[in-house]
Amino acid sequence: MLPFLMGSTIELEAAQGWVLGSFSEYERAVDEAARLNHALQTEIKIIPAETGGRQLLRLVAPVLSGVDSQDFKRQLGNLGIGNVWLIQLSDQQFEVSVDRSVAERAIPTATASLYYLIVGSFLDVSEAVDVERRLDRHFSRVSSESVLAKGKVFHRVRVGPLAESDLDLARQQLADLDYSDSWRQLAKPGDVIAPETVDDYTSIGRYASGGRGAIPEREEIEIPVRGPPPKKRISADGESNLSGSGAAGFNLAVLRRASAVFKSPDDRADSAGRWNSDFSGEYRGFEKNGLAGQGKHHLAFSFQTEYYRSMNDGNDIFAFVPFIRWDDNDNDRSHFDIRELTWVHVGDGWELRSGIRKVFWGVTESQHLVDIINQTDNVENPDGEEKLGQPMINLSLTRDWGVLDFYVLPGFREREYHGREGRLRIPFLVNEDLAVFASGAKTARTDFAVRWSHYIGELELGLSHFSGTSRAPRFQFLPIFDANGTFVDGTLIPVYDVIDQTGLDAQYLVGDWLWKLEAISRSGQGDRYTAATFGFEKSFVGVFDTRVDLGIVTEYLFDDRHGEANAIGDDDVALGVRLTANNVADSSALIVWVWDRDTDEMLTTLEASTRIGSHWKLVLEATIFSHGDRPADSAPGYLFVLMDSKSELGFFQDEDFLKLELTRYF
Amino acid sequence: MIRIISAFLLLSISCAYVQAESAEEKGLAIAHEVDARDNGFVDTKVELEMVLRDVSGNQNARSMRLRILEVPEDGDKSLTVFDSPPDIRGTGLLTFSHKVASDDQWLNLPALKRVKRIASKNKSGPFVGSEFAFEDLASQEVEKYTYRFVREEDFDGQACFVIERVPVDRYSGYTRQVAWVDKAEYRYQKIDYYDRKGSLLKTLTSTGYQKYNGAFWRADSMYMVNHQTGKSTELLWRNYEFDTGLKDGDFTKNSLQRMR
């Protein structure tokens, strides 16, 4: 086999060369050059060129006398290389080298050589393993290698690789542990920390090429010491070590990828906190004006940022997530919230999470009965999916019989309601200042919750209990009369009861059917009542021979307060269809119909989203309220609808809207 | 006499049968060897960058971090967290794979703070919109296929065994696969995938094999090209680390929610 990249700096022997390919990336060029060198058994040069304003690296095989060009082209054809053309080599001034020893010399001195400290050589493998285990407690990098010397196999235990400046300290530490005879060994090519960027090589310019790089000696036997049943892998001859384009030694691309030998991906995240932000613009267009004369076009913006920092190897996590919404029409919709301000400490089988956090419980899609800890951010989105941050201290214990979570929830967050110009509200305004609390401590009250969850094969279960102020208030109606005593308007006053709610959530996976159940029993807000959601989700992978997945969700919503005006979801059927395109832009669409069997009203929502480029996301939402009875346009008319158990969506018949939201991620 | 002759015949037939290793046995033996070569890594931490290309040369990238835990006598546990694109940052996937039974899989949606159990019986769908299906990236257990040795052939300058493998799972998107395994180190060099109609669908080439911890070969780069659509996905694996001290407790719903 001809030596890879042999030749002097100025090539005079071969006047011409075949251009086999051009690459803009150094790594690809080197990989391909190695592959071709191996396959063709001929020298491949990498020559920088500029064409059309672009920097390229050309792979060139010098034309050799005695090699038939038709044969050579056929060989290339077999390798998938069709178009080759000749260039004059003597015109080339620069050549990119892949000789490791040369590149190492050329590496800026900031990158020092690395060394192992060999602690000892043992004939007995178990002795070596013992020493290694012992050192493991004191040093971050301990390894071993087996070498054949003087006809015997020795197992060397070593510490490192270390920078030269760290060697003395390591030697001292080893001496303290009674290993005083350590000696240093230069770390081998595969272990060397290479310069951070490939540009460090190509910008060096012109230097001599030659040689093969370090190839393990023929006699070397490697027996891995770590891990269960060690397998003897004997490199029978030097050939096997050269197999593949990734053979160690002469491939600088290999050296570059071997960088960061010390740092794990998570460690890198450890050292510095990360900020991730997103900014959204939202347009909502309503088909009609609101009952109180609200406008049809609404513009709003929101901004959220997240600071995340992980420390102590992921055992301590800090996060801060502030959120702000600004609404052009409705001042009461503009708000600021701290979604998260939390510290999580991870122990062995337990976690302590404290600060402002968000917790989600539940398995169903159409409504979330069991989820109770966080207050709904009612002005953000009518679907109730957005939540306000809740202060808490949460201890989570993981055992064989499940995960047990204890929550102490100091402080209560009131629900916010739309102002006069807001849409998707009932025509009476809610006066939050007049809110009534069953608890004497009002918003300073500390609530408690506990939850057990476990999974056994395909069955997942959760049992929870919450005791405290209800997140969803009841309302008292305060009529407003004009000078003549005519009933013209009203105010709704939120009443927050203290409740006890026990929740059950269960999920059972059978093939590609996912059966779901959520059930609650609540007391303290009127009589004790029970509500449940039961349904299934089925997914079809790749429908009609395309990449598109189809998911179907069907759920039945039940509430035994049937007949009371308060109960939404008292006898409803929900059907949802989701299409996932599985494309590069992660496009998906979801359409959901919720039909109230009792009142015949229907709510239809459509949501479609896609990514644009890599930093933008576009979401389209449409909501249609139908089959309800629109109230008569007067205060008594509204009051009638408010009290009517046969009308749950009466106020929203004119609230059909289309929403477009564009988000930019940073 | 007849008894002796028939006994002798029986003996010679059985000897002849034992001597000729069938193509199925040889294929299975090769598959076992590939699997055995990979045993004992204990756990892995690695970064993955995925480059998706379409026919026009448009490129999209995804990056993620993976953690894998070897489970004795069963399939591996893995935890994948996405770092980019930014709208799916923090989304995580926890998988407990099993030798024959379908995997247990959970998806973490950080915006909703919700961990969803997902059905993973059918793994033929694309993984995050790429040309790799879930079943292509899942832990490759020997029991998931039946094998047949085809021939010996060189690929990319290396002497290889060519084996054909047929998925056992009836939900698989493939009728068969043909794999080139190099004789030197028993690593997959190339795999051809044949779709449900039996036509060649995709080819996976693994290059840049490095040896880690003196024992485990891992490819730096995997290139999957879909011959029918012309699209391709390249996986670039970086910063492999083995035996880092991961435990079962690092692969739970709680740990899935913790990682962002």
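Residues numbered from 1 in each chain as written. Chains lettered and ligands numbered in written order. Predicted model: local features only at pLDDT ≥ 70, side-chain atom pairs only at ≥ 80, totals over all residues.

Draft legend 1. Structural view of the overall build of chain B. Across its full length, chain B holds 4 helices and 13 strands. Here chain B, with 260 residues, has 40% of them falling under the buried criterion. For chain B, the proportion of contacts with a sequence separation of at least 24, taken over those separated by at least 6, is 41%. (Helix = DSSP H or I, 4+ residues; strand = E, 2+ residues; numbered from the N terminus. Buried ≥ 20, exposed ≤ 12 C-beta atoms within 10 Å, placed from the backbone. Contact = placed C-beta atoms within 7 Å.)

Draft legend 2. Helix H2 (residues 69-78) of chain A, seen in detail. Within H2 of chain A, only 1 of the 10 residues are buried, leaving the element largely exposed. Note on H2 of chain A: the residue one or two positions beyond its end, glycine 80 of chain A, has a positive phi of about 90°.

Draft legend 3. Region of the structure containing the interface of chain A and chain B. Taken together, the 54 residues of chain A in the interface contact 47 residues of chain B. Sorting the residues of the side of chain A that touches chain B by element identifies helix H1 (26-40), helix H8 (252-257), strand S16 (390-399) and strand S24 (498-510) of chain A as the ones contributing at least two each. Among the elements that line the side of chain A that touches chain B, the one with the most residues is H1 of chain A, at 4 residues. A breakdown of the residues in the side of chain A that touches chain B according to their chemical character gives 18 nonpolar, 20 polar and 16 charged. (Nonpolar A, V, L, I, M, F, W, Y, C, P; charged D, E, K, R; others polar.)

Draft legend 4. Molecular detail of the environment of tryptophan 361 of chain A. Residues and elements named next belong to chain A. Along the chain, the position of tryptophan 361 falls in the loop between strand S15 (350-357) and S16. Residue tryptophan 361 is classed as buried on the basis of its 23 C-beta neighbours within 10 Å. The spacing of tryptophan 361 and leucine 463 is 102 residues in sequence and 9.9 Å in space, taken between C-alpha atoms. Not counting the four nearest positions on each side in its chain, tryptophan 361 is found in contact with Val370, Asp371, Arg451, Gly462, Ser464, Gly503 and Asp505.

Draft legend 5. Up close: the environment of lysine 253 of chain B. Residues and elements named next belong to chain B. Within the element layout of this structure, lysine 253 appears in helix H4 (residues 253-258). The spacing of lysine 253 and valine 115 is 138 residues in sequence and 7.2 Å in space, taken between C-alpha atoms. Setting aside its immediate chain neighbours within four residues, lysine 253 contacts Leu94, Trp106 and Val115.

Draft legend 6. Broad picture of the confidence of the model for chain B. Residue and element names in this part refer to chain B. On average, residues of chain B score 89 in pLDDT, and 92% of them are at 70 or above. Low pLDDT, under 50, characterises residues 13-17; the stretch is placed with 0 contacts to residues that sit more than four places away or in other chains. Both scores are given for the predicted complex: the pTM is 0.69, the ipTM 0.86. (pLDDT = per-residue confidence, 0-100.)

Draft legend 7. Geometry of the pairing of strand S5 (residues 104-109) of chain B. Residues and elements named next belong to chain B. As judged from the 5 bridges shared by strand S4 (residues 92-96) and S5, these two strands associate in the antiparallel manner. Within the sheet, the bridge partner assigned to threonine 95 lies in S5 and is glutamine 105. Across 5 bridges, the pairing between S5 and strand S6 (residues 114-118) is antiparallel. Each bridged residue has a counterpart across the sheet, and for leucine 107 the counterpart in S6 is lysine 116. In textbook terms, the turn of a hairpin is the stretch between consecutive antiparallel strands, and for S5 and S6 this stretch comprises 4 residues, one of which, lysine 113, has a positive phi near 55°. (Pairing = 2+ DSSP bridges.)

Draft legend 8. Highlighting the nonpolar core. All names here are of chain B. Ranked by size, the top nonpolar core spans 43 residues in total, and within it Ile30, Phe161, Ile163 and Val181 carry the most contacts. The biggest single contributor to this core is strand S12 (residues 216-226), with 5 residues. Excluding its chain neighbours within four sequence positions, the residues that come into contact with isoleucine 30 are Phe149, Phe161, Ile163 and Val181. (Core = buried A, V, L, I, M, F, W, Y, C linked by C-beta atoms within 7 Å.)

Draft legend 9. Structural detail: the environment of lysine 202 of chain B. All names here are of chain B. Turning to its location among the elements, lysine 202 is positioned in strand S11 (residues 200-212). The class for lysine 202 is buried, based on 25 C-beta atoms found within 10 Å. Through-space distance from the C-alpha of lysine 202 to that of glutamine 228 is 7.7 Å; in sequence the pair is 26 residues apart. Dropping the residues within four chain positions of it, lysine 202 is found in contact with Glu131, Tyr193, Met224, Val225, Asn226 and His227.

Draft legend 10. Spotlight on unusual backbone geometry. All names here are of chain B. Residue serine 84 is joined to proline 85 through a cis peptide bond whose omega torsion reads 5°. Summarising the element assignment, proline 85 is placed in the loop between strand S3 (77-84) and S4. Although it is not a glycine, glutamate 73 adopts a positive phi angle of roughly 65°. Tracing the chain through its elements places glutamate 73 in the loop between strand S2 (59-69) and S3. With 5 C-beta atoms packed within 10 Å, glutamate 73 lands in the exposed category.

Draft legend 11. Quick look at the confidence of the model for chain A. Put simply, chain A has an average pLDDT of 78, and 78% of its residues get 70 or more. Taken as a whole, residues 1-14 of chain A scores under 50 in pLDDT and shows 28 contacts with residues more than four places along the chain or in a different chain.

Draft legend 12. Region of interest: the pairing of strand S13 (residues 316-327) of chain A. Residue and element names in this part refer to chain A. The alternating pattern of S13 places Ile317, Ala319, Val321, Phe323, Arg325 and Asp327 on a buried face, while none of Asp316, Phe318, Phe320, Pro322, Ile324 and Trp326, on the opposite face, is buried. One ladder, built from 10 bridges, connects strand S12 (residues 297-311) with S13; its direction is antiparallel. Each residue of the ladder has a partner; that of tyrosine 308, found in S13, is alanine 319. Linking S12 to S13, which pair antiparallel, is a turn of 4 residues; within it asparagine 312 sits at a positive phi near 55°. Alignment of S13 against strand S14 (residues 335-346), held across 10 bridges, turns out to be antiparallel. Residue valine 321 lies in a different strand from S14, and its bridge partner there is glutamate 340.

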